[in-house]
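Observations on the three-dimensional arrangement
Residues per chain, in single letters:
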Amino acid sequence: MVSPTTLAPVVFWRNQRFRLALYQAVALLLVIGAGAYFVSNALANLDERSIRTGFGFLSREAGFRIGESIIPYDASNSYGRAYVVGVLNTLRVSLLGIVLATLIGVLVGMARLSSNWLVVRLASLYVETVRNVPLLLQLFFWYTVITGLLPSVRQATQLLPGVYLSKSGLMFPAPVPHPGHPYMAAVFVIGCGLAWGYRGRARRRQEATGQVPKLLLPSLGLILGPPLVVWLVSGAPTALDVPVFTRFTFRGGNSITPEFLSLLAGLVLYTAAFIAENVRGGIQAVPRGQSEAAAALGLRRTTALRLVILPQALRIVIPPTTSQYLNLMKNSSLAVAIGYPDLVSVANTSLNQSGQAIECISIMMGVYLTISLSISVVMNVYDRAIALVER
Amino acid sequence: MNSTIRTDIQEGIAMRNMSRYVCLFIAFTVVVLAGTAHAGEVLDAVVARDSVRCGVSTGLAGFAIADSTGNWTGLDADYCRALAAAVLGDGAKVTYVPLSPQQRFTALQAGEVDLLSRNTTWTLTRDASLGLVFAGVTFYDGQGFMVPKDLGVQSAEELDGAEVCVLTGTTTELNLADYFRANGMNFKPVVFESLEESVTAFLNGRCQVYTTDRSGLAAILASDAPNPDDYVILPETISKEPLGPVVRRGDDAWFTIVKWMVYALIEAEEKGVTQANVAAMMDSQDPVIQRLLGTSGDMGQKLGLSNAWAVQAIQAVGNYGEIYDRNVIPIGLPRVGSNRLWTNGGLMYAMPLR
Ligand SMILES: N[C@@H](CCC(=O)N[C@@H](CS)C(=O)NCC(=O)O)C(=O)O
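Residues numbered from 1 in each chain as written. Chains lettered and ligands numbered in written order. Predicted model: local features only at pLDDT ≥ 70, side-chain atom pairs only at ≥ 80, totals over all residues. Heavy atoms only, no water.

Before going further, it helps to spend a moment on the overall build of chain B. The number of helices and strands found in chain B is 15 helices and 14 strands. Burial statistics for chain B: of 354 residues in total, 60% are counted as buried. Within chain B, contacts between residues separated by at least 24 positions form 73% of all contacts whose residues are at least 6 apart in sequence. For chain B, the computed accessible surface area is about 12,800 Å², with 55% contributed by carbon and sulfur atoms. (Helix = DSSP H or I, 4+ residues; strand = E, 2+ residues; numbered from the N terminus. Buried < 20%, exposed > 50% of the residue type's maximum accessible area, 1.4 Å probe, protein only. Contact = heavy atoms within 4.5 Å. Areas by Shrake-Rupley, 256 points an atom, 1.4 Å probe, with all protein chains shown as cover.)

Below you can see the structure in the form of structure tokens.
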């Protein structure tokens, strides 16, 4: 047996682990030190120039109104609440935009692979045009179209009874609030959960027995049935708050503003073009052998697409599409150009009225970072859920 | 040397957004890194650069608007010309930097401009908490409302329920909320960041009402509305909007120059010194005129300038009354009320130059 050569004990500053730790500690100290220096210097400078600092202004009265809000807000509310209104407006347009852009993007992406010459040309024309014109110009385009071509609010076009379209937006009736409504919403959510559960069971049964259980009707029943029952039980309230024209514009009912509409249209059409490219690329990346094998098994083209091609394409499509979602959310900050009160718009107004630039910008960055990271996390979870499971 | 001119309008929208963030970024960097200002710093920089950087509005007829050749006219632009003439001896040595209401304070704080001369209202918040100081008043204004004539509106008190186009970052949007709140009325603001877009939206019929300073309303009617007779400005004035030049805090020497430039132009009007007769007035026996024109005393030197500072300014743009008549009368605002000299019952009053 050979005894291991005994090494002379290393002095601790020669120890590699120790050195690495030391370098990191020094780097960290430098970063913290620099940060602290900048912050204290900034504070001193701001103070010297008597520019107000601190986040105290968030609880002070904002004094300005905001055009649209999904929570009650008026000029006597605080800056903090104004920010919440801005964040909600950003989320509203982003989330709706993401859903619609996905739908259109998938359709157009598949259209580009269609065997119909005209469909392919139209889809390519759309993608190439929209991708190559700056989004800001597209927003101005939509806004000008809507506010320029629609009739003025006094000559609003009546689309359906109680539904009007004009330069002031789309006005439509809203149900008069009723005590039954919250319960309807609650059972709707429960119904969605049940439908999800049912779907899982149906799939397991199909795997176990080969039978294909009915899916659509039972799910619809589970989702829509309970709210309907609650609605009937609470006395079937049908009262509608119909918009009526007063001196200047409509009062009552619900409305979608031209600002929201233009922003949504611009964001959705722009992002959908990129998603369409992702989808096309994803589908084309699935090896030909896969569709040939599916055909050999006797699957119809649509079934093969749904069961064989798309699930594989999805794995390729998800990561770039996630960044399109993030882009859409960040691009919604162009809203300010066409008068939609998103987070940037509210933050800019607060910045100007309170004069606290650093605070307002930090809040804005913090919020965008949080939303972005949340979208990333959700998409990563989804990505992992659909990842190839090797059996 | 010709004045360097930046017309942001032509640079396009994207640039405007870019420049806002560049501007904010500079503001940050300056605030984070810079040392503190000291007296005389701005004057030294202006002299070294041989140009006054003047923040003006992006295009408001009568106050600051660039023509197709990039030449700026208007009361605010002329004030900068007077200042450049007083400090550098040449009224053309001005770099005009067009700024939206939203950009203006950051641009000044960041040192991108030496002063703002762009219909900016003097308020306590701005004077005390933005690191800026107001140097005087060059125009007494107030906020008004404008509506299409065919709506048949006679008074602002009828505006309950209307949609109102307004610019963000202004006192206008605050006064608007106050006024409707005080009168128990409701309205829906449609808020824009650029004058151009807000005016287009109003003229397109997106809003039934446009509100801003009355001078702004007159300017819009004079230069933007295709048919000015289709609109009326309602009689109510809902606020006080004293507009005047603003400088950064911390440089008292520059602040003093900017302040006394306003007074010198008013004093010249009071004493009947005009662009045409200023040369002849150098022989005046009136001691007040002598001190103003630097033929006796050393008023200019006390400001760190040449004693001919006021003469140079008056030669460049004339006295306050001439500036007003040349720029503001044409947009349909006669010189009435507060904007007259104190000797005519107005508020234009120069502190004694002695
Ligand atoms: N006096 C008000 C409003 C000033 C203001 O910016 N008004 C608009 C409309 S009159 C304007 O000048 N805009 C010119 C621009 O955006 O360049 C204030 O100081 O907040």
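Looking now at the domain arrangement of chain B. Put simply, an interface is often sized by how much accessible area is lost when its parts join up. All names here are of chain B. By domain assignment, chain B separates into domain 1 (1–37), domain 2 (41–140 + 243–344) and domain 3 (143–237). If you look at the interface, domain 2 gives 17 residues, while domain 3 gives 14 residues. Interface area for domain 2 against domain 3, summed over the two sides, is near 1,200 Å², with a carbon-plus-sulfur share of 64%. Ranking the residues of domain 2 by area buried against domain 3 places L60, P101 and Q102 at the top, with a combined share of 36%. Applying the counting criterion to the domain 2 and domain 3 interface returns zero salt bridges. The interface formed by domain 2 and domain 3 contains one residue pair in polar contact (both at pLDDT 80 or more). For the side of domain 2 that touches domain 3, the element with the most residues is helix 5 (residues 101–109), which contributes three residues. Counted by class, the side of domain 2 that touches domain 3 contains eight nonpolar, seven polar and two charged residues. (Domains from an automatic or database assignment. Buried area = accessible area lost by both parts, 1.4 Å probe. Salt bridge = Lys/Arg side-chain N within 4 Å of Asp/Glu carboxyl O. Polar contact = N/O pair within 3.5 Å; in protein donor to acceptor, adjacent residues only side chain to side chain. Nonpolar A, V, L, I, M, F, W, Y, C, P; charged D, E, K, R; others polar.)

What follows deals with the interface of chain B and chain A. With 55 residues of chain B at the contact, the number on the chain A side is 50 residues. Taken together, both faces of the contact between chain B and chain A bury some 4,500 Å²; the carbon and sulfur share is 53%. The tally of links between chain B and chain A comes to four salt bridges. Two residues, D150(B) and R154(A), come together in a salt bridge whose shortest N-O distance is 3.3 Å. Summed over the shared surface of chain B and chain A, the result is 15 residue pairs in polar contact (both at pLDDT 80 or more). Contributions of two or more residues to the side of chain B that touches chain A are made by helix 2 (13–33), helix 5, helix 6 (124–129), strand 9 (162–167), helix 7 (171–182), strand 10 (187–192) and helix 8 (195–203) of chain B. It is helix 2 of chain B that contributes the most residues to the side of chain B that touches chain A, 11 residues altogether. Residue classes in the side of chain B that touches chain A are distributed as 26 nonpolar, 17 polar and 12 charged.

Residues and elements named next belong to chain B. The local shell around the ligand holds 22 residues, among which T58, N119, T121, T171 and D213 are the closest. The separation between an oxygen atom of the ligand and a polar side-chain atom of N119 is 2.5 Å. Burial of the ligand by the surrounding chains reaches 100%, relative to a free accessible area of 500 Å². A majority-of-atoms criterion places the ligand in the largest cavity. Those elements giving two or more residues to the shell around the ligand turn out to be helix 5, helix 7, strand 11 (209–213) and strand 13 (241–243). Split by domain, the residues of the shell around the ligand number at least three in each of domain 2 (41–140 + 243–344) and domain 3 (143–237). (Near = heavy atom within 4 Å. 1 Å grid on protein atoms, 1.4 Å probe; cavity = no way out; pocket = protein on both sides within 12 Å on 5 of 7 lines; lining within 4 Å. Sits in = over half its atoms within 2 Å of the grid points.)

Residues and elements named next belong to chain A. The strand order 1-2-3-8 describes an open sheet built from four strands, whose pairing is antiparallel. Only two strands of the sheet have a single neighbouring strand rather than two, namely strand 1 (157–160) and strand 8 (254–256). Averaged over all pairs of adjacent strands, the angle between strand axes in this sheet comes to 25 degrees, irrespective of strand direction. Pairing of strand 1 with strand 2 (residues 163–166), which is carried by three bridges, proceeds in the antiparallel orientation. The partner of T157 across the bridge, within strand 2, is L165. (Pairing = 2+ DSSP bridges. Axes fitted to C-alpha atoms, helices over the stretch in contact; angles between N-to-C directions.)

The tendency in soluble globular proteins is for nonpolar side chains to be buried as a group. If you look at the biggest cluster of nonpolar residues, it comprises 152 residues, and the most contacted ones within it are L83(B), Y210(B), W254(B), M261(B) and W309(B). Broken down by element, the residue count for this core peaks at 12 residues, all from helix 7 (residues 258–285) of chain A. Here Y210(B) is in contact with G144(B), F145(B), M146(B), C165(B), L167(B), L195(B), S198(B), V199(B), F202(B), L217(B) and I220(B), once residues within four sequence places are set aside. Of all hydrophobic cores here, the second largest spans 19 residues; its members include L151(B), A162(B), V164(B) and F180(B). (Core = buried A, V, L, I, M, F, W, Y, C linked by side-chain atoms within 4.5 Å.)

Residue and element names in this part refer to chain B. Pairing is mixed across the open sheet formed by five strands, whose spatial order is 10-9-11-8-12. Two strands close off the open sheet at either side, each with one partner strand: strand 10 and strand 12 (231–233). On average, each strand axis in the sheet is inclined to that of its neighbour by 30 degrees, with strand direction left out of account. As judged from the two bridges shared by strand 9 and strand 11, these two strands associate in the parallel manner. Paired with C165 across the strands is Y210, a residue of strand 11. Across the sheet, helix 9 (residues 214–223) is in contact with strand 8 (143–148), strand 11 and strand 12; its angle to strand 11 comes to roughly 120 degrees.

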